[in-house]
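Chain residues, written in single-letter form:
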Amino acid sequence: SGQFQVASGPVDMHRSRSPHGRNGQNGHASLQAIHVGVLGLGTVGSGTVRTLLEQRSLIRERTNIDLILKKAADLNIDRKWDFDMPASILTKDSSEIINDPEIKIVVELIGGKGIAKKLITDAINAGKSVVTANKALLADHGLELFDLAASKGVDLFYEASVAGGIPIIKALREGLVANPIRSILGIMNGTCNYILTRMEREGIAFDAVLSEAQKLGYAEAEPSLDVDGWDTAHKAIILARLAFGGRYSVEQAKVKGIRGISGQDIKYAAEFGYRIKLLAILKHSADGLAEISVEPTLVPTEHLLSKVDLSFNAVFVDGEVVGETMYYGRGAGSLPTASAVVGDVADVARNMLLQPQCRSHRQDRNPLRLQRQGPSVKPHVDHLTRAYIRLEVRDVAGSLAKVIAILAKHNISILAVTDFLRGQPLPGASLAKDGLAPVVLLTGDSRVADVDAALAECLKLPEVGPDHARFRMETIGKV
């Protein structure tokens, strides 16, 4: 009833973690073999199968573990593959993986929250460890699944669920284990970043870029999950649980997508030295509360995050001990995501090879489970943040003064203002037929509730038109 097959000799608890495995120590090895099954052969699933097959010898050399792909299940297996797919491992029946006692690690890459949840649950109940890339499922049902995995003494690993090929989960879980996390800022949706980059570089409107991205396969036919910020929100919740230790849900996050961003705001932001990015923002604030939001944000152009373009992702982490670190790479795609999946498979295999007395020191090896009471979530209206505000103001005496007076009444300071009316025209700005011209103000740190109230009051002025925009600003890299 062992959990793994020993090709020769007993488990060596002192085996090397060197790049050459134990061969680097004494020239021979006690090779361990573990069988793996993959559920789902879409973009990421087929990439994972390809990686397990083509990099098997490399993984074996580096880990002294032979990861044997025994079965791969999908409803559509009668198709052409762009790599050498062994027909003998293919099946349409997921139970061939779940019910096979030889398979010890199940990789779930079906996606969604229906059948995927059932199969993960069945695999865990069968005593198998699970690796998944299913961010939506983990965000909504992760705590339940991690409780189940812990009760069964198995692993549920999820590196590929956040930022594709970037090993941000491993960095937070292991490399930054000694760091209380002060903040995480992440560009974690390649579709949104691609659209914003094209809008900025080519001056194309949002709808036109989205349509082209859909034709090229960079955006889904139904893009709401991406462009409305929910995909990023799922990832943000997973990181927040890991970074802060709380049992957070998507409902606790403020989520705003990129549909309302216009080309003029991208140009105006650049005039002040900023680029607009869709950011996941996680902060452990000075009052001890957690801030969780996803929203278009002005990032200083001199900061590395602002230079992340097209479909690339990046996660910027501020740890109390290490300071600032940033992780950059492909946030999606078949092989980049497969890299993260297979990395998890290797980690789970290592855990399985630890003797029970060694594993007992890590009674809960599932890092999303509640370890301590994490900080409560601060209501978004109480966040302190700087803001970019664009209004259209009528060319009459005292109109701008009324706007500034309203901001002052709500305790909002102004750091910068550029407007047509004072001889400081914005790029491409001109007086409209009805005498309205754009005015952009950058505010100091203010409560979101105060900015909202001030903006609503300004829009009621007869001197202010209805067209407006308001975005968060982050001051990383700026004083």
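For the structure, see preceding data.
Values in this document were obtained by computation on a predicted structure and should not be read as measured data. (Residues numbered from 1 in each chain as written. Predicted model: local features only at pLDDT ≥ 70, side-chain atom pairs only at ≥ 80, totals over all residues. Heavy atoms only, no water.)

Draft legend 1. Structural view of helix α8 (residues 190–202). Helix length check: α8, at 13 residues, gives a terminal C-alpha distance of 18 Å against a target of 18 Å (1.5 Å per residue), a fit within 8%. Of all 13 residues in α8, 10 are buried; the element is thus mostly enclosed. Taken together, the buried positions of α8 are occupied by Gly 190, Thr 191, Cys 192, Asn 193, Tyr 194, Ile 195, Leu 196, Thr 197, Arg 198 and Met 199. Of the surrounding elements, those touching the buried residues of α8 are β8 (181–187), α9 (206–216), α10 (224–227), α12 (263–271), β10 (274–284) and β12 (312–319). In this structure Asn 189 caps α8, since a side-chain oxygen of it lies 3.1 Å from the backbone nitrogen of Thr 191. Of the residues trailing α8, Gly 203 is marked for its positive phi of about 65 degrees. (Helix = DSSP H or I, 4+ residues; strand = E, 2+ residues; numbered from the N terminus. Expected span 1.5 Å × (residues − 1). Buried < 20%, exposed > 50% of the residue type's maximum accessible area, 1.4 Å probe, protein only. Contact = heavy atoms within 4.5 Å. Polar contact = N/O pair within 3.5 Å; in protein donor to acceptor, adjacent residues only side chain to side chain.)

Draft legend 2. Local environment of the packing of helix α7 (residues 168–175) against helix α11 (residues 230–244). Between α7 and α11, the shortest axis-to-axis distance is 10 Å and the interhelical angle comes to 10 degrees. Between α7 and α11, the angle is such that the two are roughly parallel. Here Ile 168, Ile 169 and Leu 172 of α7 lie close against α11, whose contacting residues are Ile 238, Leu 239 and Leu 242. Classifying every residue of the contact of α7 with α11 by side-chain character gives 6 nonpolar, no polar and no charged. (Axes fitted to C-alpha atoms, helices over the stretch in contact; angles between N-to-C directions. Parallel < 35°, antiparallel > 145°, perpendicular 65-115°, else oblique. Nonpolar A, V, L, I, M, F, W, Y, C, P; charged D, E, K, R; others polar.)

Draft legend 3. Region of the structure containing the nonpolar core. Core analysis: the largest hydrophobic core is formed by 81 residues, its most contacted members being Ile 168, Leu 172, Ile 184, Ile 195, Leu 239, Ile 258 and Val 317. Among the elements that line this core, the one with the most residues is α11, at 9 residues. With sequence-adjacent residues up to four places away left out, Ile 258 is seen in contact with Cys 192, Ile 195, Leu 196, Phe 206, Val 227, Leu 278 and Pro 296. The next biggest cluster of nonpolar side chains, apart from the first, holds 33 residues, and it includes Ala 72, Ala 133, Val 345 and Ala 346. (Core = buried A, V, L, I, M, F, W, Y, C linked by side-chain atoms within 4.5 Å.)

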